[in-house]
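Tertiary structure, described
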2 protein chains.
Amino acid sequence: MKEALLHMLAENEGEFVSGQQISENLNCSRTAIWKHISELRKSGYSIEAVQKRGYRLLTSPDLVTAEEVSLYTGNGTFGKKVTYKTSVKSTQEIAHSLAREGALEGSIVLADEQTGGRGRLGRAWQSPSGTGIWMSLILRPEIPLQKAPQLTLLIAVAASRAIEKVTGLEAAIKWPNDLLIKGKKVAGILTELQAEADSIHSVIVGIGMNVNQEKKHFTEEISEIATSLAIEGGKTYKRAEIAGAVLQEIENLYRSYLVKGFAVIKLLWEARAYSLGKRITARSVTGSITGYAKGITDEGVLLLEDDNGEIHSIYSADIEFPSH
Amino acid sequence: MKEALLHMLAENEGEFVSGQQISENLNCSRTAIWKHISELRKSGYSIEAVQKRGYRLLTSPDLVTAEEVSLYTGNGTFGKKVTYKTSVKSTQEIAHSLAREGALEGSIVLADEQTGGRGRLGRAWQSPSGTGIWMSLILRPEIPLQKAPQLTLLIAVAASRAIEKVTGLEAAIKWPNDLLIKGKKVAGILTELQAEADSIHSVIVGIGMNVNQEKKHFTEEISEIATSLAIEGGKTYKRAEIAGAVLQEIENLYRSYLVKGFAVIKLLWEARAYSLGKRITARSVTGSITGYAKGITDEGVLLLEDDNGEIHSIYSADIEFPSH
């Protein structure tokens, strides 16, 4: 009801919507409307109320609540079921436990702040309050386990497209899971699984994206390697709008992927890849290999040609760009 | 302490061990020994106590407790940390949550009875009290996700070898995860994962094995397709001995696999495979294919040649043997 009311006001942003119109559309009393208007105001929405004219939405706060995100998810089903928290340890943890309890595909968990956000391989991910998108999405693809890494690449393409759509900024993909703007990390993707050896129960996709951090939010050391959409775009963005665009792009690519397979995703990925054709070093627990990034396989494996012309299959590694 | 006492008695089964010897070896008082002897008797161990001669273990109950299993795990580390319960919903559930809390590789969960035992693809698995081995094992292999299905095959080989070692019975492997004696199912393996797209956090291996069920325990319908070691061997077995042998075989193959890869396991698997070279039907949600089982790939994928000579890669399916 509060969500539907917000939709009516947002669709007519800057214009008055009469109490009677709302009452008829949403089939509720004037008193109920007033109660929800008060709640929205408390959440930070600035809503003008003028007798005989009705209500007018003047400005919206930068929130990632269910109501706010639902304004931007279009006709998709991803993001229709939102678990929103102001502060959590990790949205991944919550999503894992929702998935175990049977949460439907497309359910998401969003938080304003993560106190123990995780990146790939258990690394910490800084998720300060109100500055970025800290989101986990539950998928239930009927694909073999061997193909699960393809989803990381799919999500990276979708997130990069969403950024471009909303901000005009170009975000390149660094294998396997980082988005870079001008060489600096703006987003990371964490793909986790609950699976049997031959059947995936659920994929929990974590997306961390720096949106409205200013340069002063980063230490000097961090600002050498990380950035935000606001720093690169020179303005702030509505996080809900970007989150909604990310969900729409993911859903579109995902539906196509389930029907047509990885070929299209692979082309899109390669077009946005940062490291392809470049000289890179792949560093892992077992050692490091330097060579030219030749491409990715259908399993999402990175192919690296060393100086002896030998091709290495890289399943998991950190990519570095030798400075020479 | 109780475990060490049982070890001393079991190593000298049928012979007396003096109170003084026990007291010195285990560095404990005569009163403490007596307390533990009483507890063991309560658990079903028949222990004779004769003044001036000491204690003598006459018979042991068929238990799968930590103490009992530890008698049969040899020098291995698998099965050294045992969580034993008389009755649980599912040992897999407990093992999953232990794994999330950081349980070490080789930790196991054993139960006398499962009230909600699960097989592959969420199917029910009958686990009546005191008749079989209902066990979950936590592994933490540093292998790519794509190779995880190999572990199901490794476990099947290990379980088949353990059965042969203890009972002399030959158990064939039906791809991907069943053990058959004379065409009837005697054990099933469930391999579940907690993983990232490029890194496995833990593998939870569930093993369900029918040990001491008699024919009358099965309905007529079930006894057409299922059997137990006791039915096939014509005698009952100590479940702990078989569980210990399974753990030892798994650990040996697993250590070799991590160093040398899948090639050896593949040969062992093929030698014990039930369906290779046979005409089979692979039935899955997307349809069914009939043809000749040609072999498995290094990713544990089953290769099936249909009547047009086309080779199909089977990632997940139920295998049936057409009756003609």
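Residues numbered from 1 in each chain as written. Chains lettered and ligands numbered in written order. Predicted model: local features only at pLDDT ≥ 70, side-chain atom pairs only at ≥ 80, totals over all residues. Heavy atoms only, no water.

Named according to an unreviewed UniProt entry, chain A is Bifunctional ligase/repressor BirA originating from Fictibacillus arsenicus. Turning to chain A, the UniProt annotation filed under Function (unreviewed entry) states: "Acts both as a biotin--[acetyl-CoA-carboxylase] ligase and a repressor." Word for word, the UniProt comment on chain A under Catalytic activity (unreviewed entry) is "biotin + L-lysyl-[protein] + ATP = N(6)-biotinyl-L-lysyl-[protein] + AMP + diphosphate + H(+)". (UniProt positions renumbered as here; feature names shortened; annotations may be inferred.)

Once that is clear, we can look at the interface of chain A and chain B. Taken together, the contact between chain A and chain B spans 30 residues of the former and 30 residues of the latter. Counting the surface lost from both chain A and chain B, the interface buries some 2,200 Å², and carbon and sulfur atoms represent 55% of this. Ranking the residues of chain A by area buried against chain B places Q146(A), D198(A) and Y315(A) at the top, with a combined share of 28%. Linking chain A to chain B there are zero salt bridges. Where chain A touches chain B, the interface holds four residue pairs in polar contact (both at pLDDT 80 or more). Contributing elements (two or more residues each) for the side of chain A that touches chain B: α6 (149–167), β9 (184–196) and β10 (199–210) of chain A. Among the elements that line the side of chain A that touches chain B, the one with the most residues is β9(A), at seven residues. Its residues placed into classes, the side of chain A that touches chain B shows 13 nonpolar, nine polar and eight charged. When β9(A) meets strand β9 (residues 184–196) of chain B, the two strands line up antiparallel, connected through five bridges. (Contact = heavy atoms within 4.5 Å. Buried area = accessible area lost by both parts, 1.4 Å probe. Salt bridge = Lys/Arg side-chain N within 4 Å of Asp/Glu carboxyl O. Polar contact = N/O pair within 3.5 Å; in protein donor to acceptor, adjacent residues only side chain to side chain. Helix = DSSP H or I, 4+ residues; strand = E, 2+ residues; numbered from the N terminus. Nonpolar A, V, L, I, M, F, W, Y, C, P; charged D, E, K, R; others polar. Pairing = 2+ DSSP bridges.)

Here we come to the environment of T59(B). Residues and elements named next belong to chain B. Within the element layout of this structure, T59 appears in strand β3 (residues 54–59). T59 sits 126 residues away from K185 along the chain, and the two C-alpha atoms are 31 Å apart. Apart from the residues within four sequence positions on either side, T59 is in contact with G44, Y45 and S46.

Residues and elements named next belong to chain B. Under the criterion given, the structure shown has 38 salt bridges over all chains. For R239, the salt bridge identified is with D62, shortest N-O distance 3.0 Å. A residue pair is termed long-range when its members are at least 10 positions apart, and R239 in helix α9 (residues 239–260) and D62 in the loop between β3 and α4 (66–70) qualify at 177 residues. Judged by relative accessible area, which is 25%, D62 ranks as partly exposed. (Buried < 20%, exposed > 50% of the residue type's maximum accessible area, 1.4 Å probe, protein only.)

Quick look at the pairing of strand β11 (residues 279–284) of chain B now. Residue and element names in this part refer to chain B. Bridge analysis of β11 against strand β12 (residues 287–296) gives six bridges, and the strand direction is antiparallel. Considered in β12, the bridge of A282 is made with I289. Counted between consecutive antiparallel strands, the loop separating β11 from β12 contains two residues. Here three bridges tie β11 to strand β15 (residues 318–320), and the two strands are oriented antiparallel to one another. Bridge assignment links T281 to a residue of β15, and that residue is E320.

As recorded in UniProt, the sites labelled "binding site: biotin" (unreviewed entry) are Q114(A), R118(A), G119(A), R120(A) and K185(A). Once you skip the residues sitting within four places of it in the chain, Q114(A) turns out to touch V88(A), K89(A), S90(A), T91(A), W125(A), S127(A) and W134(A). A polar contact of 2.9 Å, which involves the side chain of Q114(A), links it to the backbone nitrogen of T91(A). Structurally, R120(A) is set in the loop between β5 (108–114) and β6 (132–139). A relative accessible area of 9% places R120(A) in the buried class. In this view, R120(A) contacts P176(A), N177(A), L190(A), S316(A), A317(A), D318(A), E196(B) and D198(B); residues no more than four positions away in its chain are not counted.

A few words on the packing of aromatic side chains. The geometry of an aromatic ring pair is captured by the separation of the ring centres together with the interplanar angle, meaning the angle of the planes. The full count for this structure, using the stated rule, is six aromatic pairs over all chains. Measuring from ring centre to ring centre gives 6.3 Å for W34(B) and Y55(B), while their planes differ by 35 degrees; the resulting arrangement is tilted. Of this pair, W34(B) sits in helix α3 (residues 30–42) while Y55(B) sits in strand β3, and the two are 21 residues apart along the sequence. A relative accessible area of 40% means that W34(B) is categorised as partly exposed. If you follow K278(A) out to its NZ or CZ, it ends over the ring of Y274(A), 4.1 Å from the centre. (Phe/Tyr/Trp six-rings, centres within 6.5 Å; stacked < 30°, edge-to-face > 60°. Lys NZ or Arg CZ within 6 Å of the ring centre and 35° of its normal.)

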